[in-house]
Amino acid sequence: MSPITAAQKRVGRQRAVVHFIAWLIANFSWILYVVGLGWLLAFSTAKFDKEGRFDENAILAGQVNRYFNDEDASVGLALVDSIRMEAANGSGVSRAAFIEKTLTGFGLDASIHSFSIPPMSINEGRSAYGIARAPRADGTEALVFVAPWKCADGKDNVYGIANLISFAKFEQRWSHWAKDMIFLFPDHGPTGVHAWLEAYHGEEGNSGVISYEPLTYHGGVLQQAISVELCGEQDYSALGMHIEGLNGQQANADMVVLAVWTGKFEGLKVMLHESTPSVVNSDEWAGVSPNPPPRTWVTDHLDYILRLWEYIRRQALGLPTGCHAFFPRYRVEALTLKGVLESNSYYNFGPTKFGMYLESYTRALNNLLERLHHAYWFYLMSSAERFIPLAVYIPPVILLSISLAFQSLGLWWKSGREVVRTPGISKVVPGTKFLARPPEVSTFTASPRRIGGPLFVLGACFAASFLHFNAPAMLWSVAHTFTPNLDQSWVQFLCQPRTLLLWLASQLATQTLLPSFLVNFLQKRGEYDHQSALVLKALIVGTLAMFLLTVSALNPSISIVLAVPLVPLFAILWPSKYSLLRAIQQALLQSASPLSVALLLAWTSTGGLPALMEWVRIGVEGWVVYGAFVLPFAALVWSPLVTAGLVLVNMKV
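The shown structure was predicted, so the numbers you read here are calculated from the model rather than taken from an experiment. (Residues numbered from 1 in each chain as written. Predicted model: local features only at pLDDT ≥ 70, side-chain atom pairs only at ≥ 80, totals over all residues. Heavy atoms only, no water.)

How should the pairing of strand E7 (residues 221–229) be read in this particular structure?
Of all nine residues making up E7, eight are buried, and the element is well covered by its neighbours. Note that strand E4 (residues 141–146) and E7 share six bridges and pair parallel. Its bridge partner being in E7, Val146 is matched across the sheet by Ser227. Two elements, E7 and strand E10 (residues 333–340), share six bridges in a ladder whose sense is parallel. Looking at the pairing, Val228 lines up with Leu337 of E10. (Buried < 20%, exposed > 50% of the residue type's maximum accessible area, 1.4 Å probe, protein only. Helix = DSSP H or I, 4+ residues; strand = E, 2+ residues; numbered from the N terminus. Pairing = 2+ DSSP bridges.)

Here it is, written out as structure tokens:
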């Protein structure tokens, strides 16, 4: 065998392998989505998760003598009537003065923090706080305990405040604390915490969105924070743990594991959130049948999926649901503990037991000489004791979206010069020792693509969404120019029912009318053929894949929630000459738009249109005041891609 013959075969094999890979990518990239979805569902059938264990050996949970007793608990209980009266009838000024006076009497450095947030119609907020200086250290580190006046469900946090006051008095009796203890009682719940944190870290408070006074007292660098919400009665059967922060940020896993293990040592049940979703709920079946359906391996797997879905849903929203939500922004590990009273519980705990739990938890954090950093921050949870770490859940999340990236690449190849057969073996140029490439793989064969029209379509969809999203602010600026004495911010202007309804209606009109205009534009440019459709779809699915993969690194739950329905929908989109198929695709796209999904969820929650408007208002305030990106992501990424998909479907090629 001559050397030139061996080279021919080697080059031929390489080309055949490359062609086969390209053929797989162009035609079977959907398999990656199926594998990713199956991987996610397999979390319920195999032990992909692991039990929470400490990665920080210095925590030493439950290895201290507790000193909190009934006498300490009685300090807060004696103030319950006063707290209830302030919560029901008092103003922010009187509440803050009451807390300040109480904490000052205990010997803490107490003060009041004033703030205002005009976009949320908060013109005067007062948060009281007190700092107990560390007796055994130089005060370079601090722990924060938070008790808002209102719980997340709107109930008065009477016993949460009372228990935290008891603990503030208790910790003054002992000298083993190595960190400053900061007790914060915020006005307006998470909003007051947000303002207090910005002031504590020295940020400017006159941005036009939020303004506040500087703090009178400062402690050490904030390390960990615990928010307490004990609404309702005095006794509870469990503690519900909330860890999802702003934009899906979470506390270090050791902080979560410590909350659970401390509960085990103290005999308290710590659960994830306030309830456990189940397909076979004995409480729900009690009034229907005396014999609920038996539990099987199917119901167990469905229960697991429901619990995991509940966690993913909460994290994907990315909006503050508790006072712990803003601490991760400043690298402070935080969570919220809520009192839960279960109807079928035979053991309840009161203020004394909760005080012992809080002491044990705090003593463990008091042992730390540095920030929690050994454990992970990216994880999913199916229960309070089980974690799905990053290395396990991120591969299926990537597979869901990467399938669209490969499809985009295959569509791009097809729009140029699609190779339909395996390249032949190169022939020797007569009279030389060189190989001539076959025509189907020659680098000198041009593959022109007209991408101007498709690029304009995609750019126009994003530009229209950008203008619509910012239209209220721009209109308010124009109105403010001619009427300087307007007493409303643009957020207040947008959140008025009539303005909000008009804004949502204009979004629906834009999504309906813009595709027809862009289709006519492509017809006039002469880019209304099969190749233009291939290029446009390649751009659409490639852009969607890029955003899904990017957001998976910031908030993987958003990527999961969007990728599961959108990836197969966008993968099958294609112009059709049949009116029925075209109408079905249009209906699917319209129903997959952010506005349609929000309206469907509002309708199923029995809230209807008012619920939808309330959700949009919360999203607007979350973006403007807190920086939650769920609304701009839906309006500036998700919505324009749906509009571009409607353009593709309406092309009659």
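Looking at this structure, I do not really get helix H17 (residues 556–572). What am I missing?
The end-to-end C-alpha separation of H17 is 24 Å, in line with the 24 Å expected for 17 residues at 1.5 Å each. Of all bends in H17, the biggest is about 45 degrees, found at Ala563, and the proline Pro565 comes one to four residues later. Taken residue by residue, H17 has Pro556, Ser557, Ile558, Ser559, Ile560, Leu562, Ala563, Leu566, Val567, Leu569 and Phe570 as its buried positions. (Expected span 1.5 Å × (residues − 1). Bend = angle between axes of the 7 residues up to and from the residue.)

Is there a simple way to think about the state of the cysteines in this case?
Note on terminology: a disulfide is the covalent bond linking the sulfur atoms of two cysteines. According to the stated counting rule, one finds one disulfide in the structure shown. Cys151 shares a disulfide with Cys231; S-S distance 1.6 Å. Taken as a pair, Cys151 in the loop between E4 and helix H6 (158–171) and Cys231 in the loop between E7 and strand E8 (238–242) lie far apart in primary sequence, 80 residues in all. Owing to a relative accessible area of 6%, Cys151 belongs among the buried residues under this scheme. Given a relative accessible area of 14%, Cys231 falls into the buried group. Cysteine Cys323 remains unbridged, with the sulfur of Cys151 as its closest cysteine sulfur at 9.1 Å. Overall, the relative accessible area of 1% leaves Cys323 in the buried class. (Disulfide = S-S within 2.5 Å.)

Looking at this model, I keep getting lost on the pattern of salt bridges. Mind explaining?
Close approach of charged atoms lets side chains of opposite charge pair. With the rule as written, the count across this model stands at 15 salt bridges. In this structure, Arg173 and Asp72 form a salt bridge, with 2.4 Å as the shortest nitrogen-oxygen distance. With Arg173 in the loop between H6 and strand E5 (180–185) and Asp72 in helix H3 (residues 70–77), the pair connects residues that are 101 residues apart, well separated along the chain. Relative accessible area serves as the criterion here: at 5%, Asp72 is assigned to the buried category. With a closest N to O distance of 3.7 Å, Lys264 and Glu385 form a salt bridge. With a gap of 121 residues between them, Lys264 in helix H8 (residues 253–266) and Glu385 in the loop between strand E11 (379–383) and strand E12 (386–389) connect regions that are remote in the sequence. Note on Glu385: relative accessible area 37%, which makes it partly exposed. (Salt bridge = Lys/Arg side-chain N within 4 Å of Asp/Glu carboxyl O.)

Teacher, can you tell me more about the environment of Pro632 here?
Mapped onto the elements, Pro632 comes out in helix H21 (residues 630–650). Given the relative accessible area of 7%, Pro632 is considered buried. As for Pro632 and Ser465, which are separated by 167 residues in sequence, their C-alpha atoms are 9.9 Å apart. Ignoring anything within four residues of it in the chain, the contact list for Pro632 reads Phe469, Trp623 and Val637. (Contact = heavy atoms within 4.5 Å.)

In this structure, what is going on with the packing of helix H2 (residues 30–41) against H17? I would like to understand it.
The angle between the axes and the distance between the axes are what describe a pair of packed helices. Following both chains from N to C, one finds H2 and H17 inclined at 140 degrees, their axes separated by 11 Å at the closest point. Between H2 and H17, the angle is such that the two are oblique. By crossing handedness, the relation of H2 to H17 is classed as left-handed. Residues Tyr33, Leu37 and Leu40 of H2 touch H17, and the partners they reach there are Ile560, Ala563, Val564, Val567 and Pro568. Among the residues making up the contact of H2 with H17, the classes are represented as eight nonpolar, no polar and no charged. (Axes fitted to C-alpha atoms, helices over the stretch in contact; angles between N-to-C directions. Parallel < 35°, antiparallel > 145°, perpendicular 65-115°, else oblique. Left-handed = near helix turned anticlockwise from the far one by under 90°. Nonpolar A, V, L, I, M, F, W, Y, C, P; charged D, E, K, R; others polar.)

How do you make sense of helix H5 (residues 92–106) when you look at a structure like this?
Given 3.6 residues per turn, any residue in an α-helix points the same way as the ones three and four places further on. Taking 1.5 Å of rise per residue, 15 residues should cover 21 Å, and H5 covers 22 Å from first to last C-alpha, within 8% of that figure. Those residues of H5 not exposed but buried are Gly92, Arg95, Ala96, Phe98, Ile99, Thr102, Leu103 and Phe106. Projected down its long axis, H5 carries its buried residues within an arc of 155 degrees, all on one side. Residues of H5 that are exposed and point over 90 degrees away from its buried face: Lys101 and Gly105. Against the buried residues of H5 lie H3, helix H4 (80–89), strand E2 (109–117), strand E3 (122–132), H6 and E5. (Arc of directions from axis to C-beta.)

I tried to follow the nonpolar core on my own but got confused; where do I start?
In this structure, Phe185, Met241 and Phe570 are the most contacted members of the largest nonpolar core, which totals 128 residues. The greatest single-element share of this core, amounting to 11 residues, is contributed by H21. Residues contacting Phe185, with those up to four places away along its chain left out, are Ile99, Leu103, Ser127, Ala128, Ala147, Trp149, Ile161, Leu164 and Ile165. Formed by 33 residues, the second largest nonpolar core is a distinct cluster that contains Ile117, Ala142, Val144 and Val193. (Core = buried A, V, L, I, M, F, W, Y, C linked by side-chain atoms within 4.5 Å.)

Keep in mind that these numbers describe shape and distance, not what the molecule does.
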